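# Per-entry structural report
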Amino acid sequence: MLGGARRRARAGFLAAVGVTLAAPVERAARRSAARAGVALVYHRVGDPPGDFSRELLPALGSRLFAEQVRYLSARYRLVPASRLIDAAAERRAGEPFPVAITFDDDLRSHAETAAPILVRAEAPATFFLTGASLRRPHRFWWERLQEARDRDLDLRPLGIGSARGDIHVLGRAVEALPARRRDELHATLGRLVGPDPGNAGLRAEHVAALVADGFEVGFHTRRHHPLPGLAAAELDAAMAEGRAELEEVAGGRLTTIAYPHGRADGRVAAAARAAGFIAGFTGSPGPVTPASDPLLLCRVSPSYASVGELAVDVALAVRSAMSR
Ligand SMILES: [Zn+2]
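As a starting point, this report considers the structure included with it. Quick caveat: nothing in here was measured; it's all calculated off a predicted structure.

The protein atoms that coordinate the zinc ion are Asp105 (OD), His220 (NE2) and His224 (NE2), at distances of 2.0 to 2.1 Å. Written as a sequence motif, the donor arrangement for the zinc ion is D-x114-H-x3-H. One end of the pair, Asp105, is in the loop between strand S3 (98–104) and helix H4 (108–120); the other, His220, is in the loop between strand S5 (216–219) and helix H9 (232–240), and 115 residues separate them in sequence. Accessibility expressed as a relative area gives 3% for Asp105, which makes it buried. The exposure class assigned to His220 is buried, which follows from its relative accessible area of 1%.

The next point concerns the pattern of salt bridges. Scanning the entire structure with this criterion turns up 25 salt bridges. The partner of Glu241 in a salt bridge is Arg223, with the nearest N and O atoms 2.9 Å apart. On the criterion of sequence distance, the pair formed by Glu241 in the loop between H9 and helix H10 (243–250) and Arg223 in the loop between S5 and H9 is long-range, its members being 18 residues apart. Glu241 sits in the partly exposed class, given a relative accessible area of 32%.

On to the packing of helix H1 (residues 4–31) against helix H12 (residues 307–322), then. Remark: H1 packs on H12, axes separated minimally by 6 Å, with the N-to-C direction vectors making an angle of 40°. In terms of crossing hand, the pair formed by H1 and H12 is left-handed. Taken together, the residues of H12 that come into contact with H1 (itself represented by Arg10, Ala11, Leu14, Gly18, Val19, Leu21, Ala22, Val25, Glu26 and Ala29) are Val307, Gly308, Glu309, Ala311, Val312, Asp313, Ala315, Val318, Arg319 and Met322. Of the residues in the contact of H1 with H12, the class split is 13 nonpolar, two polar and five charged.

Locating Val25 in the fold gives a position in helix H1. Residue contacts for Val25: discarding those within four places in its chain leaves Ala315 and Arg319.

So, on to helix H8 (residues 204–212). Those residues of H8 that fall on the buried side of the exposure criterion are Ala204, His206, Val207 and Leu210. Around the axis of H8, the buried residues are gathered within 165° of arc, so they sit on the same side. What points out from H8, more than 90 degrees from its buried face, is the exposed set Glu205 and Ala212. The inward-facing, buried residues of H8 abut H4, strand S4 (126–129), S5 and H10. Looking one or two residues past H8, Gly214 carries a phi angle of roughly 95°, positive in sign.

If you trace the backbone, Glu67 turns up in helix H2 (residues 62–75). Under the relative-accessibility criterion, Glu67 is labelled partly exposed at 30%.

Let us look at the side chain of Arg144. Mapped onto the elements, Arg144 comes out in helix H5 (residues 141–150). Here Arg144 is in contact with Arg139, His186, Ala187, Leu189, Gly190, Val193 and Asp196, once residues within four sequence places are set aside.

Let's shift gears to the environment of Gly194. For Gly194, the position within the fold is in the loop between helix H7 (179–193) and H8. Expressed as a C-alpha distance, the spacing of Gly194 and Ala148, which sit 46 residues apart in the sequence, is 9.8 Å.

Taken as a class, soluble globular proteins show a tendency for nonpolar side chains to be buried jointly. In this structure, Phe65, Leu72, Phe103 and Leu118 are the most contacted members of the largest nonpolar core, which totals 67 residues. Top contributing element to this core by residue count: H12, with nine residues. The residues contacting Phe65, other than those within four sequence positions of it, are Tyr42, Val45, Leu60, Phe103, Ala114, Ile117 and Leu118. Grouped together as the second largest cluster of nonpolar side chains are 17 residues, Leu56, Trp142, Leu153 and Leu170 included.

How each quantity is defined
Residues numbered from 1 in each chain as written. Predicted model: local features only at pLDDT ≥ 70, side-chain atom pairs only at ≥ 80, totals over all residues. Heavy atoms only, no water. Donors = N, O, S within 2.8 Å, 3.2 Å for Na, K, Ca; no water. Helix = DSSP H or I, 4+ residues; strand = E, 2+ residues; numbered from the N terminus. Buried < 20%, exposed > 50% of the residue type's maximum accessible area, 1.4 Å probe, protein only. Salt bridge = Lys/Arg side-chain N within 4 Å of Asp/Glu carboxyl O. Axes fitted to C-alpha atoms, helices over the stretch in contact; angles between N-to-C directions. Left-handed = near helix turned anticlockwise from the far one by under 90°. Contact = heavy atoms within 4.5 Å. Nonpolar A, V, L, I, M, F, W, Y, C, P; charged D, E, K, R; others polar. Arc of directions from axis to C-beta. Core = buried A, V, L, I, M, F, W, Y, C linked by side-chain atoms within 4.5 Å.

What follows is the structure, given as structure tokens:
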């Protein structure tokens with residue numbers, strides 16, 4: 001991970017010249033017969049754009065998102081996540097590389113902001129959902145924590161450290177808790193900040209509308225715990241809990257999964273495979289190739305700053321697959 005200052009310098013430079021720098025890299029890769037693709041992981045899209053320095057999960061501005069989708073549509077072949085590894089295997093020299101646009105978490109902005117932009121661009125995408133808000137408003141612990149922090153509430157009852165510290169440090173502390181402690185903290189946060197707003201999450205009708213628009217729905221597990229830390233029985237339960245309910249709303253079997261917090265290992269992949277998933281996505285950056293474990297596929301985080309930075313990150317991921 002780059003330090004903050006270096007990351008900002010890179011982002012500023014690539015915002016200016018990234019598209020120009022990426023073009024020859026992508027063109028050279030396209031001439032090759034490299035069999036590769038790239039999955040991208042988006043979260044919240046909305047306005048005003050957020051700020052990483054004080055937000056756990058900032059919004060990516062809608063105008064930048066639309067520009068990124070336009071760029072990707074022009075240079076790459078957009079496919080649903082379930083098709084990515086096959087599309088990479090089928091690719092021939094001269095053809096564009098396949099890219100899968102994916103979203104994690106049940107966020108209202110998926111339906112209200114991201115989906116209309118994707119529909120206008122005729123771009124396929126995959127939404128990895130927990131189903132936690134199908135019937136009622138639901139916010140994730142990090143959304144409640146963000147509100148508590150924004151309102152400067154006393155966070156000492158949470159027992160995870162100072163209210164004044166870096167919010168990302170607090171977030172990592174919560175992520176590292178045992179599952180039961182994190183569930184308790186979610187409840188405590190609920191008492192601190194009050195009920196989740198009526199527009200929190202995706203109701204069944206929003207998920208049905210995404211499917212009606214042709215988007216793919218995948219699973220993100222109902223409780224969103226980091227899976228590598230779970231005991232065997234909890235891990236199997238995470239693969240099953242809430243899945244049937246979401247499948248009923250989505251109108252079909254969920255065959256793809258994105259692991260919460262992008263975290264998985266061989267044991268998690270084996271549990272996902274045993275549960276009938278055919279593709280599983282992590283948060284590790286890198287390309288997807290026919291040699292990838294289908295249950296441990298990499299995903300690249302798109303730039304929150306520019307099209308240029310995204311262009312370079314995707315082109316470099318594709319090029320890295322050529323040397324493998
Ligand atoms: Zn998530």
